[in-house]
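Below, each chain spelled out in residue letters.
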Amino acid sequence: MKNIILDEIAIKRAISRISNEILERSEEPYNLILLGIVSRGEDIAKRISLKIKEIEDINVPVYAINPINFRDDRENSRELDLSIEIGGKTVILIDDVIYTGRTVRAALDAILSIGRPKAIKLVVLVDRGHRELPIRPDFVGKNLPTARREKVIVEISEVDGQDRVYIES
């Protein structure tokens, strides 16, 4: 059984609102870097970059980050294939859903392994709660309280052929 939470129009609105909030809270919008957690976070980051370009005519670079090697629940090397200069920049880390916070923590470790940004801000399309770590997003498309047994599915047209967020019981 699927319970649609966000459709294509609601996702566009959320991305537009998040993009405006990022610009409103940024002291130096020319000093931003967007890092999208693969795979849907990267596509959301690209959309935010396009929206910022549309609003302020600022080109914000977008990069993909895969923090799997930095997760604390896996035995992996702590290597990252990402060569960008983040020193002194404000990094906007973007993911589709935040749940326990472990993926975001891994991404933070990965980012800090390549440099020291001025700040790191977190964007999520959906915050479903149930955090196991003290991590809270700075920008949220939709707060969605869920039961642990429920699954939040984010579909993005670039990956899935359509835009929607739904809960699967």
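Right, let's walk through the structure included here. (Residues numbered from 1 in each chain as written. Predicted model: local features only at pLDDT ≥ 70, side-chain atom pairs only at ≥ 80, totals over all residues. Heavy atoms only, no water.)

1. Let's talk about the packing of aromatic side chains
- Within this structure, the stated rule accounts for zero aromatic pairs.
- Its guanidinium or amino end placed over the ring of Y99, R128 lies 4.0 Å from that ring's centre, counting from NZ or CZ. (Phe/Tyr/Trp six-rings, centres within 6.5 Å; stacked < 30°, edge-to-face > 60°. Lys NZ or Arg CZ within 6 Å of the ring centre and 35° of its normal.)

2. Quick look at the packing of helix 1 (residues 8–25) against helix 2 (residues 40–56)
- Here helix 1 crosses helix 2 at 60 degrees, and the two axes come no closer than 9 Å. Where helix 1 crosses over helix 2, the two elements pack in a sense that is right-handed. The segment helix 1 lies against helix 2, with I11, I15, S16, I18, S19, N20, I22 and L23 engaging I44, R47, I48, K51, I52, I55 and E56. (Axes fitted to C-alpha atoms, helices over the stretch in contact; angles between N-to-C directions. Helix = DSSP H or I, 4+ residues; strand = E, 2+ residues; numbered from the N terminus. Left-handed = near helix turned anticlockwise from the far one by under 90°. Contact = heavy atoms within 4.5 Å.)

3. Topic: the sheet that holds strand 1 (residues 2–6)
- Taking strand neighbours across the sheet as the criterion, the three strands line up as 1-8-7 in an open arrangement whose pairing is antiparallel. Of all the strands in the sheet, just strand 1 and strand 7 (151–155) have a single pairing partner and so form its edges. Ignoring strand direction, the axes of neighbouring strands in this sheet form an average angle of 30 degrees.
- Relative to strand 8 (residues 164–168), strand 7 runs antiparallel, the two being bridged by five bridges. Residue pairing in the sheet places V154 in a bridge with V165 of strand 8. (Pairing = 2+ DSSP bridges.)

4. Remarks on helix 1
- With 18 residues, helix 1 should cover 26 Å at 1.5 Å per step; its first-to-last C-alpha distance of 26 Å lies within 8% of that length.
- Within helix 1, the full set of buried residues consists of I11, A14, I15, I18, S19, E21, I22 and L23.
- Between the side-chain oxygen of the N-cap and the backbone nitrogen of I9 there are 3.3 Å, and the N-cap of helix 1 in question is D7. (Expected span 1.5 Å × (residues − 1). Buried < 20%, exposed > 50% of the residue type's maximum accessible area, 1.4 Å probe, protein only. Polar contact = N/O pair within 3.5 Å; in protein donor to acceptor, adjacent residues only side chain to side chain.)

5. Quick notes on helix 2
- Between its first and last C-alpha, helix 2 extends 24 Å over 17 residues, near the 24 Å set by a 1.5 Å rise per residue.
- Taken residue by residue, helix 2 has G41, D43, I44, A45, R47, I48, S49, K51 and I52 as its buried positions.
- Next to the buried residues of helix 2 lie helix 1, strand 2 (32–37), strand 3 (62–65), strand 4 (90–98), strand 5 (119–127) and helix 4 (157–160).
- D57, located one to two residues past helix 2, shows a positive phi value of around 55 degrees.

6. Let's talk about unusual backbone geometry
- Note that the residue after V38, namely S39, is joined by a cis bond; omega there is 0 degrees.
- Counting through the fold element by element, S39 comes out in the loop between strand 2 and helix 2.
- For D57, which is not a glycine, the phi torsion comes out positive at approximately 55 degrees.
- Take D57: it is sitting in the loop between helix 2 and strand 3.
- The phi angle at H130 is positive, at roughly 70 degrees, despite the residue not being glycine.
- Relative to the elements of secondary structure, H130 occurs in the loop between strand 5 and strand 6 (139–143).
- Given a relative accessible area of 24%, H130 falls into the partly exposed group.

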